[in-house]
There are 2 protein chains.
Amino acid sequence: MLSNHFQNGIETAKLVWSRLPSSDDVTEELESRMNGGGGAESLDYEVVENYVYREAQAKRSKLYNWYYAMLKWLFALLIGVGTALAAVFINLAVENFSGWKYAATFSIIQHSYFLGFLVYALFNLVLVLSSVYIVTQFAPAAAGSGIPEIKGYLNGVDTPGILLFRTLIGKIFGSIGSVGGGLALGKEGPLVHTGACIASLLAQGGSTKYHLSSSWLHPFESDRERRDLVTCGCAAGVAAAFRAPVGGVLFALEEVTSWWRSQLMWRVFFTSAIVAVAVRTAMTWCKSGKCGHFGSGGFIIWDISGGQEDYSFQELLPMAIIGIIGGLFGALFNQLTLYITSWRRSYLHKKGTNVKMIEVLVISLVTSIISFGLPLLRKCSPCPNSAINPDIDCPRPPGNDGNFVNFFCKADKEYNDLATIFFNTQDDAIRNLFSAKTFQEYSAQSLLTFLIMFYSLAVVTFGTAVPAGQFVPGIMIGSTYGRLVGMFVVKYYMKLNVDEGTYALLGAASFLGGSMRMTVSLCVIMVEITNNLKLLPLIMLVLLISKAVGDFFNEGLYEEQARLRGIPLLETRPKQCMRSMIAKEACQSQKIVYFPRVVKVAEVVFVLRSTKHNGFPVVDRGSGGQELVIGLMLRSHLLILLNSKIDFQNSPFPGDPRTVTSRHTFSDFVKPVSSQGLSIDNINLTDDEKEMYLDLAPFLNPCPYVVPEDMSLAKVYNLFRQLGLRHIFVVPRPSRVIGMITRKDLLFEENENSTAMELQTSVRAQAHRRSTRRYDHLDRPLLNNLLIRE
Amino acid sequence: MLSNHFQNGIETAKLVWSRLPSSDDVTEELESRMNGGGGAESLDYEVVENYVYREAQAKRSKLYNWYYAMLKWLFALLIGVGTALAAVFINLAVENFSGWKYAATFSIIQHSYFLGFLVYALFNLVLVLSSVYIVTQFAPAAAGSGIPEIKGYLNGVDTPGILLFRTLIGKIFGSIGSVGGGLALGKEGPLVHTGACIASLLAQGGSTKYHLSSSWLHPFESDRERRDLVTCGCAAGVAAAFRAPVGGVLFALEEVTSWWRSQLMWRVFFTSAIVAVAVRTAMTWCKSGKCGHFGSGGFIIWDISGGQEDYSFQELLPMAIIGIIGGLFGALFNQLTLYITSWRRSYLHKKGTNVKMIEVLVISLVTSIISFGLPLLRKCSPCPNSAINPDIDCPRPPGNDGNFVNFFCKADKEYNDLATIFFNTQDDAIRNLFSAKTFQEYSAQSLLTFLIMFYSLAVVTFGTAVPAGQFVPGIMIGSTYGRLVGMFVVKYYMKLNVDEGTYALLGAASFLGGSMRMTVSLCVIMVEITNNLKLLPLIMLVLLISKAVGDFFNEGLYEEQARLRGIPLLETRPKQCMRSMIAKEACQSQKIVYFPRVVKVAEVVFVLRSTKHNGFPVVDRGSGGQELVIGLMLRSHLLILLNSKIDFQNSPFPGDPRTVTSRHTFSDFVKPVSSQGLSIDNINLTDDEKEMYLDLAPFLNPCPYVVPEDMSLAKVYNLFRQLGLRHIFVVPRPSRVIGMITRKDLLFEENENSTAMELQTSVRAQAHRRSTRRYDHLDRPLLNNLLIRE
């Protein structure tokens, strides 16, 4: 009977692989991406509970579990400290480079503006070149903000190279170059990516390629744990970038993760707290003057606690207008960047890395010309009366931060308002735009010029081959039109307590809301960076409006970009058309390739070569002789078995599973993150080996989730999405129901100190009886039958 | 064949109902609670997609969907406004009652302290009596904080009466009495419940009993929508209670809900923002003096922006100690309240409502004696030197809020530090404890006395039959020992920038963390109520420690109380023992009762009478003649069918499903929230009716989720918990796999503006073809076969 069945299985396999659908190149690329590059099958939240895994679980002692729990917290601590240090390092470097640059330029323009421009532009070019060189030559995955890719990773799509050690290095040094070089981009998005890289590297115990791995970190090879750590890393990145620990937690929750567990919140929160403390410590150390130009600036906290404390109902109208403008400008930004990035990807970037480098250098040059040249064309304004405003230092001494820059001004008591925001680091420019009690510092003309120019630069710079965040450019754009609206309000409402800086802040919130479409997290981040809780309801209002307006036109920036990069994110809700479809219809085009339990190696090789499937049902005959699906075998696990060869056997009959655990540990089956994994083409087998057999039973996932063939596809989608699955079997409708599980069947109480629990004693007793049984039997009943049979 | 099959089904049913397990009273009560009182089967997040539901869905126009989406936002707005108004009303009443009470007492004690005490105690007794009378006679579900019950409701357990209109009224007026009466409890927990009640009443279109319902709100009878609205209501409650909108969102997310969808976050956020604006408007209106004693107090914002700005590393040790104390005291509080509540429930409260009322009145009297009497025993302290501290008003004028109460002091320039915190409203007492720059206002002896007394009072008051929150008492207790630690730090560290008020705040955070075990939400609430962002990392640190210490001993306050009240919450993670169990083992004790597709009414009545099951599989023969499970029929739906009688038919053959939709709308099958629902004993049927037949096909849930019999119970638990299910069918292992659903099968793109989408065209085209098909066929393939057969 056995050999008969075995033949049967092979025949089934043969029957189907000949009828595979043809696929063109693009399909192939995306399919392989979606399935994680042919080897990333374990990239789901569902742990493949095969025999080896369960044996490994059973062997774990209490002490081990304790050590494991401690390790999680230790890692959260290390992620926090690591991300904070990376953030401090980036900020320190950027502030110092910028400081030197502006100091040099300002001292040279005392003599010659042309020479000053040359030095300024050259400085920028060199910094930008260093950034684009690192990214194009060394770490291509470090380009852009990285947030769409991380979002994809946490959704279940592994973009190759996104979490490698070289990407981390590229991100850190690339950010320094691109931000220090004065491009219209920020360092906040890259910091989120940096945090994620640090987390991922810790989770896999260091980089294998650079021999930095350590063996005692092996427990974290479970993919779920890795993803949890990456989530912590994202929160740490935001917490470090904005010094906004609560905002970081909310960002990770709202924007990045796809599956959230409440236990995780506590750990993410801890990581953020560590970042806050670590950054604060580093800042205290720098206050002693050891950090060069890195003083109060760098870390973006734009304290506007001196600003407007109250608001009148009349002001709600201009604030709503800011929200609408934010929604429109944000949606436009998303659309323009989408077009430009799409054009870049299809034409420009196909021409090689040199084109990418030249592109960035040209943009850098244009940015230098605009930011240096435009203020030259602007007429200087006289300083405000110092008798009325004794606090104002106008013009400010060269080389210092602050408002009222004297740039190309003839008279002594004059300042150039365009240079104050344009010829400055972005952090300082924002601080100047947000600054309270500086009425009419800027002319509407200057702000409008800056808005148009900077908006265009931000759109063009987006998508180039350098690490680039969109937070700070967004804040720049938003605060400019916000301040413009504020100026009109001051002019027409004639209220003394209206402050232009507050409107600038609301503008910044509105643009970010209109572009990124975050809500709670963005609101908290804005409150934390401005250190002013009283503005919370106003920020909420503006965000509500700008997000609603933006949603009317297109999707959020990260979703658009993820889609463009071919990262297919599964949304939380099923599409409308799924409601009228059934499960069977979704998988009609596929042909299922079965394996029998014991399979010839040659057959496995043939199937893996000729199909692109990543999972194969395994069938066998049950104790009654009827055919049964005994589990799901993953392509990646088959490749590992073929590669190691130690499980090959001569007999076509099932082997003893107990010997398997001596040959394998569970970590053998875990794919290193963000690599391509094994491919069937890299595995060489001799003809003798191909004639041997492989018993799949210990390696298969014995119970994948199943759905009946006529279940609504929307329901299937929910199941798939909520549990973070990779494969669902669609099976025929059952002929009978063995039992029904309801809430009370799932309530096992562990302690008995309350009255309500008495009634569960019977269930609990049963549970106890059963849980002790696990050591009598080798395995689950069905598989057990199969395993013991010979 | 049909009648044969029909017979067969009846026989199956007969076969099993004779072998039901016996059940004692307690089991029965809890079982019926778990299943929602016999009729609350729709209390899951899974919509029962029966034929009637799907037809109703198909009929909906685009305009309707738009109206529906608008309605959701309108309701969010109404919930926000309603909760804010309720909060303002409660605060206004409490502040005015307290104001009158203290004004009267203070004016009388100028003449006689004994008379003053009598007036004070009587005032309290009357207020407390009003509260306990309302609760015991009119709205028993309004007792306590209501948070465990709401948490249970959102987890899937419907406590009867918890969301009724009378509960709302009882909660509002009861809170006024109990808080105004000076008991050791707060009004914040009840406000969360109030918000939830308002939301639930809106969702079901008003109260049916009081004829306040409206017909155009019918769409919200879906249980999932209701639950979403209740979540909004909880957030609104916290936002209103603490004026902490972000804290409200996080509270709803972290503490209350069990299933969170990211779309919901946006709506919850909107509700909170509305609350913030509405409360602010009301406060502005009150500032004009129209609200009597309701001035700056009432709403708890204890601004400590004047306090400590910075901290040194030395201070981290005392802060960590505060965290440890908080964990210990919090865990002790949970344990003590658990014992006392358990004792109360089993002995005291069984003796009737009079005992409940007497109990509360005795506690009120004791509270009055302690809060009035203890300060009398305390020696007054001389006022601080007014030359050094010119801001301090000591002693404060009678009837005003503030520090330094002159109570039973002989000399003029003296104050009674114990009266400052004890003989005061709790809000003012906390403000005094948090107050910055008032070094050595309190003696250690007074604080210690207060701590012990108030802790005992809070433990005893918890669980009585009045609306009672634990936030404010927790803050009182915590800030007392926090200030004690702060005093020691000031004394021994000799630092000038250390502020006792900051330590009081940390103490408050630590006690709440140690008792309620919330993390992120509590942190944000503390920051929002104190209006000081700089203390965030310190609050985080203290919360981390106190939660960790508390978790070592027991569960959080709400979990303990929920368990005590017999609300079986499903935790997010499966228990350890489930890993070694399989699905079949969990349902071994049950006997499944099947129904055939067309069933005799008498049989249905008999089965419903003789079993307690809430779901019944329905079997029929497929087109090939083999037996198939065609769906799940709920007890509650059967009861509705029996009650309406319009679906009874004379023929034992399947009817035409198209006629069903003329007799039923989907809303017929939705149970009103928090009521007992129908019972089989209330349905009277004549003998003729009992001889008729019922075709179940249009009313059954055609595709409940299924799991194979040997799936690990931990996996089943995840499925059940993540999707918020009520029933899972355990079925035999499938014999074949029809298809496999992977990520790419679930990606349908709706717009085509990017390159990555091209490849999905084929899938999309298919999807389109299929979705149009729905109007050609009546129903899903399988059921279709069955329905068309006659």
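In what follows, the structure referred to is the one given above.
Since this is a predicted model, take the numbers as computed values, not measurements. (Residues numbered from 1 in each chain as written. Chains lettered and ligands numbered in written order. Predicted model: local features only at pLDDT ≥ 70, side-chain atom pairs only at ≥ 80, totals over all residues. Heavy atoms only, no water.)

*Asks:* Outline the pattern of salt bridges, supporting the account with residue identities and numerical values.
*Replies:* Residue and element names in this part refer to chain A. Taken as a whole and assessed by the stated rule, the structure comprises 40 salt bridges over all chains. In this structure, the salt-bridge partner of Lys 72 is Glu 225, at a minimum N-O distance of 3.7 Å. Placement of the pair is Lys 72 in helix α4 (residues 62-108) and Glu 225 in helix α9 (residues 223-242), with a sequence separation of 153 residues. Across the pair Glu 359 and Arg 344 runs a salt bridge whose closest N-O atoms are separated by 2.1 Å. Note that Glu 359 is positioned in helix α13 (residues 353-377) and Arg 344 in helix α12 (residues 316-346), a separation of 15 residues in sequence. We note that Glu 359, like Arg 344, is buried. (Salt bridge = Lys/Arg side-chain N within 4 Å of Asp/Glu carboxyl O. Helix = DSSP H or I, 4+ residues; strand = E, 2+ residues; numbered from the N terminus. Buried < 20%, exposed > 50% of the residue type's maximum accessible area, 1.4 Å probe, protein only.)

*Asks:* So what about the packing of aromatic side chains? Which residues, and what values?
*Replies:* Overall, the coordinates contain 57 aromatic pairs over all chains when judged by the stated rule. Measuring from centroid to centroid gives 6.3 Å for Phe 488 of chain A and Tyr 492 of chain A, while their planes differ by 0°, and the two rings are stacked. Within this pair, Phe 488 of chain A and its partner Tyr 492 of chain A are both found in helix α17 (residues 471-493), separated by four residues, close to a single helical turn. Of the residues examined, Tyr 492 of chain A reaches a relative accessible area of 59% and is grouped as exposed. Ring geometry for Phe 329 of chain B and Tyr 455 of chain B: centres 5.8 Å apart, planes at 70°, overall edge-to-face. Taken together, the residues Phe 329 of chain B in helix α12 (residues 316-346) and Tyr 455 of chain B in helix α16 (residues 444-461) connect sequence positions 126 residues apart. Take Phe 329 of chain B: its relative accessible area is 27%, and that puts it in the partly exposed class. (Phe/Tyr/Trp six-rings, centres within 6.5 Å; stacked < 30°, edge-to-face > 60°.)

*Asks:* Explain the interface of chain B and chain A residue by residue, including any values.
*Replies:* In this complex, chain B contributes 140 residues to the contact, which on the side of chain A involves 142 residues. Between chain B and chain A, roughly 13800 Å² of surface is buried when both sides are summed, and carbon and sulfur atoms account for 66% of that area. The three residues of chain B that bury the most area against chain A are Met 740, Ile 741 and Arg 743 of chain B, which together make up 7% of that side's buried surface. Applying the counting criterion to the chain B and chain A interface returns zero salt bridges. Across the chain B-chain A interface, the total number found is 24 residue pairs in polar contact (both at pLDDT 80 or more). Tallying contributions element by element places helix α11 (residues 262-290) of chain B first for the side of chain B that touches chain A, with eleven residues. Pairing analysis gives three bridges linking strand β10 (residues 739-741) of chain A to strand β9 (residues 728-731) of chain B, with the strands arranged antiparallel. Residue Gly 739 of chain A lies in a different strand from β9 of chain B, and its bridge partner there is Val 730 of chain B. (Contact = heavy atoms within 4.5 Å. Buried area = accessible area lost by both parts, 1.4 Å probe. Polar contact = N/O pair within 3.5 Å; in protein donor to acceptor, adjacent residues only side chain to side chain. Pairing = 2+ DSSP bridges.)

*Asks:* I'd love a proper account of the sheet that holds β9 of chain B, names of residues and values included.
*Replies:* Spatially, the three strands line up as an open sheet ordered β10(A)-β9(B)-β8(B), and their pairing is mixed. Two strands bound the open sheet, and with one partner strand each, they are β10 of chain A together with β8 (706-708) of chain B. Going across the sheet, the axis of each strand differs from the next one's by a mean of 35°, ignoring polarity. (Axes fitted to C-alpha atoms, helices over the stretch in contact; angles between N-to-C directions.)

*Asks:* An account of the nonpolar core is needed here, citing residue identities and associated values.
*Replies:* Membership of the largest hydrophobic core comes to 277 residues, with the highest contact counts inside it found for Phe 471 and Ile 539 of chain A together with Phe 471 and Ile 539 of chain B. Among residues more than four places away in sequence, those in contact with Phe 471 of chain B are Glu 188, Phe 242, Phe 251, Leu 512, Met 516, Met 518, Leu 522 and Tyr 558 of chain B. Ile 728 of chain A together with Ala 586, Cys 587 and Leu 746 of chain B belong to the second-largest nonpolar core, a separate cluster that totals 46 residues. (Core = buried A, V, L, I, M, F, W, Y, C linked by side-chain atoms within 4.5 Å.)

*Asks:* Before we move on, could you go through the relation of the copies chain B and chain A and cite the residues and values that matter?
*Replies:* In the superposition of chain B on chain A (RMSD 0.0 Å, axial shift 0.0 Å), the rotation amounts to 180°. Considering both components of the superposition, the chain copies are consistent with a two-fold axis. Comparing contact sets, 99% of the residues at the interface of chain B also lie at the interface in chain A, consistent with an isologous, same-surface contact. (Least-squares fit on C-alpha atoms with pLDDT ≥ 70 in both.)

All we've got here are geometric facts, nothing functional implied.
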